Amino acid sequence: MDAKKAFMVTAAAFLVLSMWHNPTGTANAFSDFLGNVGGFLEDAIDKFTEFFRSLTA
C-alpha cells in the first residue's frame, strides 16, 4: 500500500468515525469547510475578473 492510498483510507476511516460519534458536529464542520472554499473561489474569481478588466481599460 503506497502512502497516498494509506492516507485516503485513514481519512475515510476518520470521517466515518467522526460521523458516528458526532453527526451534527461533523456536518457543521463540513459545511463550514465548503463555505470557506466557496468564499475563497468567489474572491479569486472577483480578483481575476478585476485584473482582466484593468488590462482592457
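Attention here is on the structure that accompanies the text. Just so it is clear, the structure is predicted and the values come from calculations on it, not from any experiment.

### Observations regarding the overall build of the protein
The helix and strand tally for the protein stands at 2 helices and 0 strands. In terms of overall dimensions, the protein is more spread out than a globule: its C-alpha atoms have a radius of gyration of 18 Å, far above the 10 Å expected for 57 residues. As displayed, the protein has an accessible area near 5,300 Å², and 71% of this comes from carbon and sulfur atoms. Both charge centroids of the protein, one from 4 positive and one from 6 negative side chains, sit 9 Å from each other.

### Re the packing of aromatic side chains
Tallied over the full model, the rule gives 1 aromatic pair. When the ring of Phe51 is compared with that of Phe52, the centres are 5.4 Å apart and the planes differ by 65 degrees; the resulting orientation is edge-to-face.

### So, a nonpolar patch on the surface
A surface patch of nonpolar side chains, amounting to about 620 Å² of accessible area, comprises Phe30, Phe33, Leu34, Val37, Phe40 and Leu41. Along the chain, Phe40 turns up in helix H2 (residues 23-56).

### Digging into the environment of Leu15
Tracing the backbone through its elements, the reader meets Leu15 in helix H1 (residues 3-21). In this structure, the C-alpha to C-alpha distance between Leu15 and Gly39, residues 24 residues apart in sequence, is 23 Å.

Analysis parameters
Residues numbered from 1 in each chain as written. Predicted model: local features only at pLDDT ≥ 70, side-chain atom pairs only at ≥ 80, totals over all residues. Heavy atoms only, no water. Helix = DSSP H or I, 4+ residues; strand = E, 2+ residues; numbered from the N terminus. Rg over C-alpha atoms; globule rule 2.2 N^0.38 Å. Areas by Shrake-Rupley, 256 points an atom, 1.4 Å probe, with all protein chains shown as cover. Lys, Arg positive; Asp, Glu negative; His and termini not counted. Charge placed at Lys NZ, Arg CZ, Asp CG, Glu CD. Phe/Tyr/Trp six-rings, centres within 6.5 Å; stacked < 30°, edge-to-face > 60°. Patch = residues over 30% accessible without salt bridge, like charges linked within 9 Å, V, L, I, M, F, W, Y side chains within 5 Å. Salt bridge = Lys/Arg side-chain N within 4 Å of Asp/Glu carboxyl O.

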